[in-house]
Amino acid sequence: MSKEANPRRLADNEAKAIARMLRVSPQKLNLLAQLIRGKKVDRALADLEFSRKRIAHEVKKTLESAIANAENNHGLDVDDLIVSQAFVGKAMVMKRFHARARGRASRVEKPFANLTIIVREVEAQANA
């Protein structure tokens with residue numbers, strides 16, 4: 001009398017990976033998400049490898065995790081994978097104070113973000 005298993009929310013030709021609590025603002029992380037969205041995974045990995053943004057290393061690790069999930073857990077072909085979705089969400093914000101002149105203080109907000117990458121297997125295009 002156990003509870004039924006949750007149905008899979010993704011299609012059979014998709015796999016995903018999530019990186020939580022990345023120490024970067026969602027706005028800056030979204031710039032990298034836009035960079036890889038819709039590209040083939042090998043091209044996206046190359047773009048992230050040579051990106052000058054500090055958080056690009058964490059985004060690359062998340063994309064590699066999604067690729068590994070697709071290959072090992074769902075049996076998808078790595079050569080036919082594209083980044084179908086890459087989206088960013090807000091996580092918590094640390095609030096700190098910075099001392100200012102005349103006994104005052106300023107608020108310093110240190111945001112965190114979540115990143116979700118979904119890869120999809122597409123049929124190889126026939127080269128004519």
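For the structure, see preceding data.
Notes on the structure follow. On a predicted model such as this, the values are computed, not experimentally measured, just so you know.

**Details of helix α3 (residues 56-72)**
Along an α-helix, a turn takes 3.6 residues, which lines up residues three or four apart on a common side.
Phase 1 of the analysis: For α3, with 17 residues, the first-to-last C-alpha span of 24 Å sits near the 24 Å given by 1.5 Å per residue.
Phase 2 of the analysis: Of all the positions in α3, only Ala 56, Val 59, Lys 60, Thr 62, Leu 63, Ala 66, Ile 67 and Ala 70 are classed as buried. Buried residues along α3 cover an arc of 160° about the axis, so they all sit on one side. Facing away from the buried side of α3 by more than 90 degrees, the exposed set consists of His 57 and Asn 72.
Phase 3 of the analysis: Those residues of α3 that are buried are in contact with β1 (14-22), α1 (26-36), α2 (41-49), β2 (81-99) and β3 (105-121).

**Observations concerning the sheet that holds β3**
Phase 1 of the analysis: Taken together, the three strands give an open sheet; going across it, the order is β1-β3-β2, and neighbouring strands pair in antiparallel fashion. Only two strands of the sheet have a single partner each, and these edge strands are β1 and β2. Across this sheet, the average inter-strand angle for adjacent strands is 10°, counted without regard to direction.
Phase 2 of the analysis: Relative to β3, β1 is paired through seven bridges, and the arrangement is antiparallel. Residue pairing in the sheet places Glu 14 in a bridge with Arg 120 of β3.
Phase 3 of the analysis: Where α3 meets the sheet, it contacts β1, β2 and β3, and its direction lies at approximately 150° from that of β1.

**Digging into the side chain of Thr 62**
Phase 1 of the analysis: Tracing the backbone shows Thr 62 in helix α3.
Phase 2 of the analysis: Note on Thr 62: relative accessible area 7%, which makes it buried.
Phase 3 of the analysis: With sequence-adjacent residues up to four places away left out, Thr 62 is seen in contact with Ala 17, Ile 18, Ala 19, Leu 115 and Ile 117.

Rules behind the numbers
- Residues numbered from 1 in each chain as written.
- Predicted model: local features only at pLDDT ≥ 70, side-chain atom pairs only at ≥ 80, totals over all residues.
- Heavy atoms only, no water.
- Helix = DSSP H or I, 4+ residues; strand = E, 2+ residues; numbered from the N terminus.
- Expected span 1.5 Å × (residues − 1).
- Buried < 20%, exposed > 50% of the residue type's maximum accessible area, 1.4 Å probe, protein only.
- Arc of directions from axis to C-beta.
- Contact = heavy atoms within 4.5 Å.
- Pairing = 2+ DSSP bridges.
- Axes fitted to C-alpha atoms, helices over the stretch in contact; angles between N-to-C directions.

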